[in-house]
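Here is what each chain is made of, one letter per residue.
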Amino acid sequence: MNNTVARVMVDIAHTNVDKMFDYRIPPQLIDKVATGMRVFVPFGAGDKIIEALVIELSDETMVHDYQLKEIQSRIDEYPALRQDQIDLAKRMKERYGCLMVDAIRLMIPSSIRRKAVEGKEVKTVSLVLPKQQVKEIIESIKKKAPNQAFVLEILIQVEKMAVVDLEKLRKGSSTAVRALEKKGLIESKNEREIRRPYSSIVINDDIRPQLNDDQKKAVDAIVSALDRGFCQKLLMGVTGSGKTEVYMHAIEQCIENGRNALVLVPEISLTPQLMSVFASRFGDDIALMHSKLSGGERKDEWERIVTGKARVVIGARSAVFAPLKNIGIIIVDEEQETSYHSQKHPRYSAIEVARMRSIAHESVLLLCSATPSIDTYYRMTQQVDEVLRLPKRVMDRPMPTVELVDMRKEVYRGNRSIFSASLYKRMKKSLSAGEQIILFVNRRGHSTQVACLHCGNVMRCDNCDVTLTYHDNPSRAVCHYCMQEYEVVEKCKECGNEYFRYQGVGTQKVEKQVLELFPDAKTLRMDFDTMQKKDAHLKAQQEFNQGNADILIGTQMIAKGLDFKNVALVGVISADATLFFPEYNSCERAFQLITQVAGRAGRGDTRGDVVVQTHNPDHFAIMCAKEQDYDKFYDQEIVARKACMYPPFGAFVRYLISGRSQSDVKRIAGLIHNKLKAMMRQDQSVKPLMYRAAPAMMEKIKNNWRYEIVIKYSDKDMDKMVSVLWRILHEVESETCRLDLEIRPVNMI
């Protein structure tokens, strides 16, 4: 029997409509409407036409016939979501306490929904006559109509070409095309143009390096697992050990088996370089997805994936929702990065979602890192044969030599510069030898604080509970949370003094001092301020790779994944930036960051040098990073974690209440607090290891007051508590406050 009723989810984010509605499928659309397809339906008392997604099909309904409305039309000719994605949306609703439509919106780009961006058509031309006959015509018109002859010569070579591209090659080609059409020598038609991101990317020659024994073992282990159902493995290798080559071999085998692959990277800055490598191996089989694509590019890439024209998807966090079918392997590169965790509602973990999809597709989930998170490494070592190790660099290249510089001694010697004597000396040597340098600074801007020398008052944001960062050229103080800019005042607002101290070091300040010390050096800066334009990451990486800059100065976006062969020296300006952050995993982050950025040195034929400047050279995290010894760091850190029942032994959850009114925020926090206390009194089995209710560490952001309730459970108790904690949140309603529940938050700022 044909299905005559579609159960749809309307594209409205409200709890009152977070359910399925039945619609009759009109006769002309019977057998043309499928699960996962987008349709237009009349909704509400006014029958407003809105977008909806078909969740189920049926041949019966509980709705009275006279009340049953009819689907107006299909939006696409193919399903926007597959059944496994619809099932994933349902699981996300339960796990992250979001509306079903919130999860669905993550899977369909905004440029697709409501047809915000249309497909783009382009006029193409091709030959009408046989090539030999055209060659004779070219000879006869070459002198009197050179542009027409040029167009014909091009079409002999490529058979079909867009008129706009011909015009780019030679001015006047579009006029020549019109003349040739009138003569009946060529024909034109409008065709859909596929907008491809990074179309100007330089594709590397596919030179396949010989795998070493460790790489071969890793590839064999992954490939043998491809057809065994869901399997999770950790590929752990030192920086420069060839992890990318290992998982590219695995993807090749996956495609050969008729299945598809998904590759996640933590930073958009990593995608251009990875695209270049992957394009050389997989050609047009790859698609790219991340937030910096234009609406048109995002639409076209998404359609290539959903229609099966792309077999391998590469992208940042949001790419985990790519509409790939028959996924054989999901790869999470640099799995330790916090950027895989969304800080916006719904607050999902891309790694957790990747695990859900891997289970649904019975595929391999491969986590990759030189410095895996403590949590991941602990869990993987509890299983047999799930950790694949690459203990040495490819081609037996040596690891870089790392020198720790005690900046306290530099000050004692009278050196007030950003650069220690050792780093300055090594920079001078590298520049003389024609080698490139990377300088890592974990802060953008010029100075991290503007303070009055007389009374000590520090310039702060009016909207946020943070100090302002000074930016040079033009001179201004900026809040890095709400992006509000302030004039740098001439007199202190508190005491009227005219003298200020610009404290701390940012990328601008480092760049300024580099140019003062090395005026002939060409610098390139990669930070949030300089990478806002489209394709900025690609252009910067190409510039540096081609040797058009001697020194690359940047923040975390240059600390991992990038592979520059001529970098002989890496300088870490301040290794202590994250070391004493008031969070349980601050030592882990410091170790990971230093180890990763040190790994950018010596990836070519020259042995690399790394200079790490620190005020805490004896700290175990700094010492282990110097030795590039993950196991030593892990052995010490895991003991401390177990003693304090921190992850992976314990697990945090956080209620975050925010709003414009401080009194409303406290009142709503009090309601949640009381419900939690009542629950704990009723059931002692859910008593937490730790409970704290207080203003958030940053009490005010973007003019919103913030209050938090932090709870710690043992890891084994966490999953059974999730539904209870969400229920409590949903029982509290507020029109003035935003209520969030974070499960296993990666930071609690």
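Residues numbered from 1 in each chain as written. Predicted model: local features only at pLDDT ≥ 70, side-chain atom pairs only at ≥ 80, totals over all residues. Heavy atoms only, no water.

Undergrad: Can you walk me through the overall build of the chain in this structure?
TA: When its secondary structure is counted, the chain shows 21 helices and 30 strands. Over its C-alpha atoms the chain spans a radius of gyration of 29 Å, differing by no more than 12% from the 27 Å that the globule rule assigns to 749 residues. For the chain, the spread of C-alpha atoms along the principal axes amounts to about 85 × 75 × 60 Å. In the chain, buried positions account for 55% of the 749 residues. Of all intrachain contacts in the chain linking residues separated by at least 6 positions in sequence, the fraction that spans at least 24 positions is 75%. (Helix = DSSP H or I, 4+ residues; strand = E, 2+ residues; numbered from the N terminus. Rg over C-alpha atoms; globule rule 2.2 N^0.38 Å. Buried < 20%, exposed > 50% of the residue type's maximum accessible area, 1.4 Å probe, protein only. Contact = heavy atoms within 4.5 Å.)

Undergrad: What exactly am I supposed to notice about unusual backbone geometry here?
TA: Across the chain, the bulk of peptide bonds are trans and the bulk of non-glycine residues have phi less than zero. Here the residue pair His345 and Pro346 is connected by a cis peptide bond, since its omega of -5° sits within 30 degrees of zero. By the secondary structure assignment, Pro346 is in the loop between strand E13 (327-333) and helix H11 (350-361). At Lys702, a residue that is not glycine, the phi angle is positive and equals roughly 55°. Note that Lys702 resides in the loop between strand E28 (690-701) and strand E29 (704-714).

Undergrad: What is the right way to read the pattern of salt bridges from this model?
TA: Where side chains of opposite charge bring their charged atoms close, a pairing between them can arise. Counted under the stated rule, the structure contains 46 salt bridges. What you see here is one network of salt bridges that share partners, running through Arg347, Arg654, Arg692, Glu708, Arg738, Asp740 and Glu742. (Salt bridge = Lys/Arg side-chain N within 4 Å of Asp/Glu carboxyl O.)

Undergrad: Hey, could you run me through the sheet that holds E28 in this one?
TA: Each strand in a sheet pairs with its neighbour through backbone hydrogen bonds, running either in the same direction (parallel) or in the opposite one (antiparallel). Reading across from one edge, E28-E29-E27-E30 is the order of the four strands in this open sheet, with antiparallel pairing throughout. Two strands close off the open sheet at either side, each with one partner strand: E28 and strand E30 (737-743). Within this sheet the neighbouring strands show an average axis-to-axis angle of 20°, counted without direction. Here 10 bridges tie strand E27 (residues 650-659) to E29, and the two strands are oriented antiparallel to one another. Bridging across to E29, Gly650 finds its partner in Ser714. The strands touched by helix H20 (residues 662-682) within the sheet are E27, E28, E29 and E30, with E29 carrying the most contacts at an inclination of about 15°. (Pairing = 2+ DSSP bridges. Axes fitted to C-alpha atoms, helices over the stretch in contact; angles between N-to-C directions.)

Undergrad: I would appreciate a short explanation of the pairing of E13 in the present structure.
TA: When a strand is regular, its side chains alternate between the sheet's two faces. Along E13, seven of the seven residues are buried, which leaves the element largely enclosed by surrounding structure. Note that E13 and strand E14 (residues 364-369) share five bridges and pair parallel. Looking at the pairing, Ile330 lines up with Leu365 of E14. Handedness of the β-α-β unit built from E13, H11 and E14 comes out right-handed. (Right-handed = clockwise from strand over helix to strand, strands pointing away.)

Undergrad: Just checking my understanding: could you explain H20 for this structure?
TA: Each α-helix turn comprises 3.6 residues. Residues three or four places apart therefore point the same way. Over its 21 residues, H20 runs 31 Å from end to end, which matches the ideal 30 Å to within 8%, given 1.5 Å per residue. Among the residues of H20, those classed as buried are Val665, Ile668, Ala669, Ile672, Leu676, Met679 and Met680. One side of H20 holds all its buried residues, which, seen down the axis, span an arc of 120°. Residues of H20 that are exposed and point more than 90 degrees away from the buried face comprise Ser663, Arg681 and Gln682. Tucked into the core, H20 has its buried residues touching E27, E28, E29, helix H21 (715-731) and E30. (Expected span 1.5 Å × (residues − 1). Arc of directions from axis to C-beta.)

Undergrad: Quick question: what am I supposed to make of the packing of helix H3 (residues 131-141) against helix H4 (residues 146-158) here?
TA: Any two packed helices are characterised by the angle at which their axes cross and by the distance between the axes. Viewed as axis vectors pointing N to C, H3 and H4 meet at an angle of 160°, and their least axial separation amounts to 9 Å. The pairing of H3 with H4 is recorded here as roughly antiparallel in orientation. When the axes of H3 and H4 are compared, the crossing they make is left-handed. Packed against H3, whose contacting residues are Lys131, Val134, Lys135, Ile137, Ile138 and Ile141, the element H4 presents Pro146, Gln148, Ala149, Leu152, Glu153 and Ile156 at the interface. (Parallel < 35°, antiparallel > 145°, perpendicular 65-115°, else oblique. Left-handed = near helix turned anticlockwise from the far one by under 90°.)

Undergrad: How do you make sense of the packing of helix H8 (residues 243-256) against helix H9 (residues 271-282) when you look at a structure like this?
TA: One way to put it is that H8 packs onto H9 with a least axis distance of 12 Å and a crossing angle of 40°. By the angle between their axes, H8 is oblique relative to H9. Once H8 is placed against H9, the crossing between them reads as right-handed. Where H8 approaches H9, its residues Thr244, Glu245, Tyr247, Met248, His249, Ile251, Glu252 and Ile255 are matched on the opposing element by Leu274, Val277, Phe278, Arg281 and Phe282.

Undergrad: Explain H11 to me, please; I cannot follow it from the model alone.
TA: Relative to the 16 Å expected for 12 residues at 1.5 Å per residue, H11 spans 16 Å between its end C-alpha atoms, a close match to the ideal helical length. Residues Ala350, Ile351, Val353, Ala354, Met356, Arg357, Ser358 and His361 constitute the buried set of H11. The secondary structure elements touched by the buried residues of H11 are helix H1 (83-96), strand E10 (260-264), E13 and E14. Following H11 by one or two positions, Glu362 has its phi on the positive side, about 55°.

Undergrad: Help me understand the nonpolar core in this model?
TA: Counting 126 residues, the largest nonpolar core has Met92, Ile104, Tyr247, Ile251, Phe278 and Ile329 as the members making the most contacts within it. When sequence neighbours within four positions are dropped, the list of residues in contact with Tyr247 reads Val263, Leu274, Phe278, Ile331, Asp333, Leu366 and Cys368. Grouped together as the second largest cluster of nonpolar side chains are 29 residues, Ile657, Ala669, Val686 and Met718 included. (Core = buried A, V, L, I, M, F, W, Y, C linked by side-chain atoms within 4.5 Å.)

Undergrad: When you look at the packing of aromatic side chains in this model, what are you seeing that I'm missing?
TA: The geometry of an aromatic ring pair comes down to the distance between the two centres and the angle between the two planes. Scanning the entire structure with this criterion turns up 16 aromatic pairs. Judged by centre distance (6.3 Å) and plane angle (15°), the rings of Tyr630 and Tyr634 are stacked. Remark: Tyr634 and Tyr630 occur in helix H19 (residues 630-644); sequence separation between them is four residues, near one turn of the helix. Residues Tyr646 and Phe652 carry aromatic rings whose centres are separated by 6.1 Å and whose planes lie at 35° to one another, so their mutual orientation is tilted. (Phe/Tyr/Trp six-rings, centres within 6.5 Å; stacked < 30°, edge-to-face > 60°.)

Undergrad: Just to check I follow, could you spell out the pairing of strand E12 (residues 312-315) for this structure?
TA: Both faces of E12 are covered, namely the face carrying Val312 and Ile314 and the face carrying Val313 and Gly315. Sheet analysis places E10 next to E12, joined by four bridges and oriented parallel. Among the inter-strand pairings, Leu262 is bridged to a residue of E12, identified as Val313. Two elements, strand E11 (residues 286-289) and E12, share four bridges in a ladder whose sense is parallel. Counted as the bridge partner of Leu288 is Ile314 from E12. Note that the unit made of E11, helix H10 (residues 295-306) and E12 has a crossover that is right-handed.

Undergrad: What's the story with the side chain of Gln592 in this structure? I'm lost.
TA: Its location among the elements puts Gln592 in helix H17 (residues 586-598). Residue classification places Gln592 among the buried positions, given a relative accessible area of 8%. Leave out the neighbours within four places in its chain, and Gln592 touches Gln336, Thr371, Pro372 and Ser373.

Undergrad: Would you explain the sheet that holds strand E5 (residues 73-74) in this entry?
TA: The five strands lie next to each other as E2-E1-E4-E3-E5, forming an open sheet whose pairing is antiparallel. One side of each edge strand has no neighbouring strand; the edge strands of this open sheet are strand E2 (21-24) and E5. Where strand E3 (residues 38-43) lies against E5, two bridges are found, and the strand directions are antiparallel. For Val39, the partnering residue across the bridge sits in E5 and is Arg74.

Taken by themselves, the reported measurements are silent on function.
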